[in-house]
Amino acid sequence: MDQPSSLFNASEPAAHLVVGATGGLGAALVRQLRGRGLSVLTTARRGVQADIELDLEDDASIVAAGQALQPRLADVPLRSVFICSGLLHADQVRPERRIEALESAAFERVMRVNALGPLLLLAQLKGLLARDQITQVAAISARVGSISDNRLGGWYSYRCSKAALNMGLQTLGVEMQRTHPHCALTVFHPGTTDTALSTPFQRGVSADKLFTPERAARQFLDVVRGREQQAGVQFLAWDGRVVEW
């Protein structure tokens, strides 16, 4: 069998999917991928802002997104999926400092957006990923989703949702070994990125550790590119260091 070709070879037909393409980091990632001459498909909650409309809180929307992608990938292989969506705070959703602050509706919404929704989407995308070529599935997680690295406590919903996402990607990685032997799955901790998600929580973050979306996206791509020949699952930080599960 010939050696699978490089993931980011712009001279070969290939498609790359960015989920959550209108967020700060997602939008920067789209710009950088297209700047490399790559063909990029995008999703967002509002279809007018992206190629495919996708609401991770809605099962029907997830199924419809998978169906909408099929004709777009009829003549070009899907080589990578970047999941950049996420929820930390919103109306009626705030990180909990104490367990007494837990609320069922907020917990379920954060879990849905950060863990269940992405996994349901990957169930739709698995059959669309190229099987005989190098492929990547990469998702934005967070160091606070590390069970062994939890020293500060708090943020129950967010921590639980990211830990669930991490386990889901680990489990998918086992399955992909049988069906997509050249697929690398990357769970990525981007550090603190200067986006709407982190704005209320930037106090105390030093200037050299508050990354612009462009820098965070570049670091994300660097980590993913470094794993082209490394099938399986890893949890990596923005600087390429391994994060404990």
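What you see is a predicted model; the values in this text were computed from it and never measured. (Residues numbered from 1 in each chain as written. Predicted model: local features only at pLDDT ≥ 70, side-chain atom pairs only at ≥ 80, totals over all residues. Heavy atoms only, no water.)

(A) Just the pattern of salt bridges, in detail. Taken as a whole and judged by the stated rule, the model has ten salt bridges. Via salt bridges that share partners, R45, D55, E57 and R109 belong to a single interconnected network. (Salt bridge = Lys/Arg side-chain N within 4 Å of Asp/Glu carboxyl O.)

(B) Representation of the environment of L128 within the structure. Among the structural elements, L128 can be located in the loop between α3 (104–125) and β5 (135–140). It is 8.8 Å that separates the C-alpha atoms of L128 and G66, two residues lying 62 residues apart in sequence. For L128, the residues in contact, after removing those within four places along its chain, are G66, L69, Q70, L73 and L78. (Helix = DSSP H or I, 4+ residues; strand = E, 2+ residues; numbered from the N terminus. Contact = heavy atoms within 4.5 Å.)

(C) The sheet that holds β5, seen in detail. The strand order across the open sheet formed by seven strands is β3-β2-β1-β4-β5-β6-β9, and the pairing between neighbours is parallel. Looking at which strands have only one partner, the edges of the open sheet turn out to be β3 (52–53) and β9 (232–237). Inspection of the sheet shows strand β6 (residues 183–189) paired to β9 by six bridges, in the parallel sense. By the bridge assignment for β9, H189 is matched with A237. Each of β1 (15–19), β4 (78–83) and β5 touches α3; the most contacted strand, β4, lies at about 175 degrees to it. (Pairing = 2+ DSSP bridges. Axes fitted to C-alpha atoms, helices over the stretch in contact; angles between N-to-C directions.)

(D) Expanded view of helix α5 (residues 213–225). Between its terminal C-alpha atoms α5 stretches 18 Å, which fits the 18 Å expected from 13 residues at 1.5 Å a residue. All buried positions along α5 are accounted for by P213, A216, A217, Q219, F220, L221, V223 and V224. (Expected span 1.5 Å × (residues − 1). Buried < 20%, exposed > 50% of the residue type's maximum accessible area, 1.4 Å probe, protein only.)

(E) Examining the packing of helix α2 (residues 59–72) against α3 more closely. Following both chains from N to C, one finds α2 and α3 inclined at 35 degrees, their axes separated by 9 Å at the closest point. Read as a crossing pair, α2 and α3 show a hand that is right-handed. Residues D59, I62, V63, G66 and L69 of α2 touch α3, and the partners they reach there are R112, G117, L120, L121, Q124 and L125. (Left-handed = near helix turned anticlockwise from the far one by under 90°.)

(F) Structural view of the environment of A44. With respect to the helices and strands, the residue A44 is situated in strand β2 (residues 39–44). On a C-alpha basis, the gap between A44 and L54 in space is 5.4 Å, while along the polypeptide they are ten residues apart. When neighbours within four sequence positions are excluded, A44 is seen to be in contact with T22, Q49, A50, I52, E53 and L54.

(G) How the structure looks around the packing of aromatic side chains. Inspection of the entire model under this criterion finds five aromatic pairs. Aromatic pair F82 and F220: ring centres 5.4 Å apart, planes at 85 degrees, arrangement edge-to-face. Taken together, the residues F82 in strand β4 and F220 in helix α5 connect sequence positions 138 residues apart. The pair formed by F82 and F220 is uniform in burial state, with each residue classed as buried. Ring centres of F235 and W245 lie 5.3 Å apart, and the angle between their planes is 45 degrees; on these two criteria the pair is classed as tilted. Of this pair, F235 sits in strand β9 while W245 sits in the segment after β9, and the two are ten residues apart along the sequence. Look at W245 and you get partly exposed, because its relative accessible area is 34%. Grouping aromatic residues by their ring pairs yields a cluster made of F82, F188 and F220. (Phe/Tyr/Trp six-rings, centres within 6.5 Å; stacked < 30°, edge-to-face > 60°.)

(H) View of the nonpolar core. Formed by 32 residues in total, the largest nonpolar core has its most connected members in L17, V81 and L122. Sorting the residues of this core by element identifies β1, α2, β4, α3, β5, α4 (156–179), β6 and β9 as the ones contributing at least two each. If we ignore the near neighbours within four places in the chain, the residues touching L122 are V81, I83, V137, L169 and L172. Counting 25 residues, the second-largest nonpolar core is a separate cluster that includes A28, L38, I134 and F188. (Core = buried A, V, L, I, M, F, W, Y, C linked by side-chain atoms within 4.5 Å.)

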